[in-house]
Amino acid sequence: MNYAQIRQYDVANGPGIRCTFFVTGCSLNCKNCFNKEYQDPNFGEKWTDTQTNQVIDYLNQEEIDGLTILGGEPFESCDDLIEIVGKIRENTNKSIWIFSGYTYETLSQKQNCKKLLDMCDVLVDGRFVEELKDLRLKFRGSSNQRLIDLNKTTMDDIILVDENKL
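The rules behind each value
Residues numbered from 1 in each chain as written. Predicted model: local features only at pLDDT ≥ 70, side-chain atom pairs only at ≥ 80, totals over all residues. Heavy atoms only, no water. Helix = DSSP H or I, 4+ residues; strand = E, 2+ residues; numbered from the N terminus. Rg over C-alpha atoms; globule rule 2.2 N^0.38 Å. Buried < 20%, exposed > 50% of the residue type's maximum accessible area, 1.4 Å probe, protein only. Contact = heavy atoms within 4.5 Å. Areas by Shrake-Rupley, 256 points an atom, 1.4 Å probe, with all protein chains shown as cover. Lys, Arg positive; Asp, Glu negative; His and termini not counted. Charge placed at Lys NZ, Arg CZ, Asp CG, Glu CD. Axes fitted to C-alpha atoms, helices over the stretch in contact; angles between N-to-C directions. Parallel < 35°, antiparallel > 145°, perpendicular 65-115°, else oblique. Left-handed = near helix turned anticlockwise from the far one by under 90°. Nonpolar A, V, L, I, M, F, W, Y, C, P; charged D, E, K, R; others polar. Pairing = 2+ DSSP bridges. Right-handed = clockwise from strand over helix to strand, strands pointing away.

S.K.: Any details on the overall build of the chain? Residues and values, ideally.
M.R.: The number of helices and strands found in the chain is 4 helices and 7 strands. The C-alpha radius of gyration computed for the chain amounts to 15 Å, which stays within 12% of the reference 15 Å derived for 166 residues, consistent with globular compactness. Considering only C-alpha atoms, the chain reaches an extent of 40 × 35 × 30 Å along its principal axes. When each of the 166 residues of the chain is scored for burial, the buried share is 48%. Counting contacts in the chain only where the partners sit at least 6 residues apart, residues at least 24 apart contribute 63% of the total. For the chain, the accessible surface area stands at approximately 8600 Å², while carbon and sulfur atoms represent 46% of it. Counting 19 positive and 27 negative side-chain charges, the chain places the centres of these two groups 4 Å from one another.

S.K.: Kindly report on the packing of helix 2 (residues 78-91) against helix 4 (residues 111-118), identifying the contributing residues and their values.
M.R.: Helix 4 packs onto helix 2 with a crossing angle of 30° between their chain directions and a minimal axis gap of 9 Å. Here helix 4 runs roughly parallel to helix 2, going by the angle between their axes. Here helix 2 and helix 4 pass one another in a crossing that is left-handed. Counting all contacts with helix 2, which are made through Cys 78, Asp 79, Leu 81, Ile 82 and Val 85, the residues of helix 4 involved are Asn 112, Cys 113, Lys 115 and Leu 116. When the residues that make up the contact of helix 2 with helix 4 are grouped by side-chain class, the tally is 6 nonpolar, 1 polar and 2 charged.

S.K.: How would you sum up the packing of helix 1 (residues 49-59) against helix 2? Please name residues and give values.
M.R.: Axis separation between helix 1 and helix 2 bottoms out at 10 Å; the angle between their running directions is 35°. The handedness of the crossing between helix 1 and helix 2 comes out as right-handed. Across from Asp 49, Thr 52, Val 55, Ile 56 and Leu 59 in helix 1, the residues of helix 2 making contact are Ile 84, Lys 87, Ile 88 and Asn 91. Of the residues assigned to the contact of helix 1 with helix 2, the class counts are 5 nonpolar, 2 polar and 2 charged.

S.K.: Which residues make up the pairing of strand 4 (residues 66-70), and what values do they have?
M.R.: Judged by how many residues are buried, strand 4 sits mostly within the fold: 5 of 5 residues are covered. Side chains Gly 66, Thr 68 and Leu 70 of strand 4 all project onto a buried face; the interleaved residues Leu 67 and Ile 69 project onto the opposite face, where all are buried too. Inspection of the sheet shows strand 2 (residues 18-23) paired to strand 4 by 5 bridges, in the parallel sense. Looking at strand 4, one finds that Thr 20 is bridged to Thr 68. Bridging between strand 4 and strand 5 (residues 95-99) involves 4 bridges; their strand directions are parallel. In the strand pairing of strand 5, Leu 67 is matched with Ile 96. Traced from strand 4 through helix 2 to strand 5, the parallel crossover comes out right-handed.

Everything listed here is a matter of geometry and, on its own, says nothing about what the molecule does.
This is how it looks when you write it as structure tokens:
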């Protein structure tokens, strides 16, 4: 898996101060994607244990509230992320948010994607849709995208994050 960047401090992609990293590779090609160059899976650098350990170190800082994984499309690197997020979970108890252009319904039907979802706390799902762009939304770009509480959601009942508590 390649990645484009790791941010030690990010306040735009989830509540509080978060560590974020952006994987590369995305086949969705959403109109007006804000990370067009990250669609190329060969863009960026190869992820190694060094980056995993760096993220763990960041997350173990008291001021960091959690981790957010973006892209590209993280679920197109699902197998690698299962291993990486597993190591992160073993070494920190911070919340993990993950973004995807795919919907929860689609991801939860695929075994490895479901395994990665089970390791995360919040999924921001759905393609960015230019016609539904809304700058007033928290942590997403278009009104079709959802903030899903993965700890409360079941296959039969999708529970959204209460945005008033963010």
